[in-house]
Amino acid sequence: MKNHKKWVIIGVVAVVVIAIGAIGATRMNFGFGQDKKESETKQEVVRRGEFVVRVRESGNLRSFIEVDVRSNVEGEIVKIHVEEGAKVEIDQPLLRIDEKQILEQKKQAEANLNARKAELERAQLRITITEKQQESSLAQSQNSVLKAQATLDSFVANTQQRITEAETLVATTQNSLDQDNIALKQAEIALGQAKLTLERSQTNVESAKISFETAEAEHKRNKELHDKQLISEKALEDSQRQLIVSKSQYDSAIKEVESQKETIKSQDENLNARKTAIESRKSTLALNKKNVETLKKSLEAQQKQYEAELEDAQTRLQQIQETTEEEKELTVHSKVSAEASLLQAQSQLDSQEERYDWTTVRAPMAGTITQIIVEEGEIITSGRSAFSRGEAIMRIADLDQMIVRTQINQVEIGKIKPDQRAEITVDSYPGRVFPGRVSEISPSATRRGPQNQSSVITFEVDVEVIGSPPELLPGMSADVDIIVFEESDVLQLPIPAVLSPEIFTVKANINSTDLGQFQEGQHLKIRNLIGKEFAGQVGKIDPEKARGNLEILLEGNQKGLRKGPIEISIVISDQNVLPDIEAEVSSERQYFVKLDTGKPNKNKAEKGVKTHITIGQRNNTHFQITGGLKEGDHVFVPSMQELTKGQKESENEDN
């Protein structure tokens, strides 16, 4: 890659020298054909066509899969079965190592394994004898527990029944007492009602007596009047009948009072009888409750005795079980120890058998032997050492899948994507291009050079060689062109026809009502607060924005104009000036061409109209045109003087 860049730089220098020589020759012939040379101005045409952008780097060919073969055991190499360049299959024998020492170790491991098997059999026999002895003691203890448990269960069931019967008797007595209390309440209510009835009857007697006395007096007065013939016979008879009725009612009332007094006496006797019965029922209830408590205490004491007997039986059983478990654990521990020793012995034997198999080194993959590092008779170390990986004895590569591993500068890595097409060339086959594709991009960067700001940061990229022709061998240097952009119909223009000076850009905040006065490409001036004016032209207009909606590209020397926020006036014409405009001044690279409009230029010394354009991608020869030009436009190619003019102006501005 470095050699390639070197030759590119030499070629560019040569072209520049030739160009300078040509200019010098032109100047030497200035007196003879000056007018003719000036009229021969070069032009380029904006056209559409294929556009390809490449990222070129160099690298080395290598197989995608490559394995260094190492031995798993140490020893002397007695036979190498393959040669460099030979193709091998997976598990194919590559070489053999002397196995005598490993065979001896294998026999010792077999003897140790047999001893461990015998030890395990003895441990198993001890477990069998111990188990039979323990079964008898355990069965007797379990029977004692079952018997004590059955006695306790029977007693608990009988106890519950007896307590239930006593509690039922208490409940029955309580129910009878409740009924007696209800009857007492009813008798008290009946006595109260009888007393109320007596009071009403006595009131009726008084009322009947008054009615009788009134009727008697009325009849006496009517009789005197009848004797004097002052009232009729019928009136006398009516008063007679009323007197009889009143007398009858009065007598009945007296009898009702006497009857009610007898009823009250009877109710009072019944009430006293109820009270006597309730007192008797209460005594019976208290006695029944006391019997229940006495029964519970008695049964509880008996239950505790049976529970104690069960607990004693369980304790004896637990002691036997714990002793049994301890004895069993001792015998099992012996067996486990014997099993562990057996496993260890088996592992040692397996390891020795595996080491014996490893004395024949086999191919870990199918491929081609690209390098054999050892010779027969040489003693090698194991690759399984805890201190070292061991030395590689040979290398196998899959030559059917080749890649070019290269380093891409961090500036270009953003363009690289997996599966992008690539073109590969090697010095061994000049003029031949091998197809490839990007297969892998490293996620982390590497530094080349000293660890400071000047070191180059790159990313490792693998490019797969499609088809991997057999003539491509590992280690060959290769150049890789990764195609990062490729389209067939792109508007483009050669690089020499484009001017790219560093331009001051003014982004002004224009009211929407004033924005209609501007057009893209329109020439105008801006004026700062001290009255200095700067020529420029309108770049972009964005009516959707409230701020920075008008872009003005300044031309020529901008000395005296500072970058950052600024307040300006925009001079559209001598009569049309927009004052007090807020703006932001910045500096960025812009692109222009000298467009041939077919009309004569006011400045005869300049060719074409300076036109602002926008570009997209760029390759080694052309720019992609995204705005400002159309297909078929002719542009003048700037002279060397015009190309250097902008650079000198920028340098003067910096100074």
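Residues numbered from 1 in each chain as written. Predicted model: local features only at pLDDT ≥ 70, side-chain atom pairs only at ≥ 80, totals over all residues. Heavy atoms only, no water.

## Considerations on the pattern of salt bridges
Applying the stated criterion to the full structure yields 29 salt bridges. In this structure, Glu423 and Arg54 form a salt bridge, with 2.6 Å as the shortest nitrogen-oxygen distance. Here Arg54 lies in strand 2 (residues 47-63) and Glu423 lies in strand 12 (residues 421-426), a separation of 369 residues in the sequence. Given a relative accessible area of 36%, Arg54 falls into the partly exposed group. Across the salt bridge formed by Asp68 and Arg395, the nearest N and O atoms sit 2.6 Å from each other. Of the two residues, Asp68 is situated in strand 3 (residues 66-69) and Arg395 in strand 10 (residues 394-397); the sequence distance between them amounts to 327 residues. Of the residues examined, Asp68 reaches a relative accessible area of 31% and is grouped as partly exposed. Under the relative-accessibility criterion, Arg395 is labelled partly exposed at 27%. Here the salt bridges do not stand alone but share partners, grouping Arg54, Arg56, Arg421, Glu423, Asp481 and Glu486 into one network. (Salt bridge = Lys/Arg side-chain N within 4 Å of Asp/Glu carboxyl O. Helix = DSSP H or I, 4+ residues; strand = E, 2+ residues; numbered from the N terminus. Buried < 20%, exposed > 50% of the residue type's maximum accessible area, 1.4 Å probe, protein only.)

## Observations regarding the pairing of strand 2
As defined by bridge partners, strand 2 adjoins strand 15 (residues 477-494) across 13 bridges and the pair is classed as antiparallel. Across the sheet, the residue bridging to Gly59 is Ala478, located in strand 15. Bridge count for strand 2 against strand 11 (residues 402-409) is five bridges, and the pairing is antiparallel. Each residue of the ladder has a partner; that of Leu61, found in strand 11, is Val404. (Pairing = 2+ DSSP bridges.)

## Quick notes on the nonpolar core
Judged by nonpolar contacts, the single largest core of 26 residues is most densely connected at Leu61, Ile416, Ile424, Val461, Val465 and Ile482. The biggest single contributor to this core is strand 15, with six residues. With near-sequence residues (within four places) excluded, Ile482 lies in contact with Val53, Arg54, Val55, Ile408, Ile416, Gln420, Arg421, Ala422, Val438, Val461 and Val463. (Core = buried A, V, L, I, M, F, W, Y, C linked by side-chain atoms within 4.5 Å. Contact = heavy atoms within 4.5 Å.)

## A word on the pairing of strand 14 (residues 456-465)
For strand 14, the buried fraction is high: eight of the 10 residues fall into the buried class. Relative to strand 14, strand 11 runs antiparallel, the two sharing seven bridges. For Ile403, the partnering residue across the bridge sits in strand 14 and is Glu464.

## Description of the sheet that holds strand 8 (residues 367-372)
Pairing within the open sheet is antiparallel, and its four strands lie in the order 3-10-8-5. Each edge of the sheet is formed by a strand with only one pairing partner; in this case those strands are strand 3 and strand 5 (87-88). In this structure, strand 3 lies alongside strand 10, joined through four bridges in antiparallel fashion. For Glu66, the partnering residue across the bridge sits in strand 10 and is Ala397.

## Here we look at the packing of aromatic side chains
In this description, an aromatic ring pair is defined by two values, namely the gap between the centres and the angle between the planes. Following the criterion strictly, the structure yields four aromatic pairs and no others. An angle of 80° between the planes, with centres 6.4 Å apart, marks the rings of Tyr429 and Phe434 as edge-to-face. Residue Phe434 is classed as buried on the basis of its relative accessible area, which comes to 2%. The ring centre of Phe212 lies 5.8 Å from the NZ or CZ of Lys247, which sits over that ring. The ring of Phe592 is capped by Lys610, whose NZ or CZ atom sits 4.8 Å from the centre of that ring. (Phe/Tyr/Trp six-rings, centres within 6.5 Å; stacked < 30°, edge-to-face > 60°. Lys NZ or Arg CZ within 6 Å of the ring centre and 35° of its normal.)

## Quick look at unusual backbone geometry
Positive phi, normally seen in glycine, also occurs at Ser468, with a value near 40°. Relative to the helices and strands, Ser468 resides in the loop between strand 14 and strand 15. Even without being glycine, Asp580 reaches a positive phi, approximately 55°. The exposed category is assigned to Asp580, whose relative accessible area is 60%.

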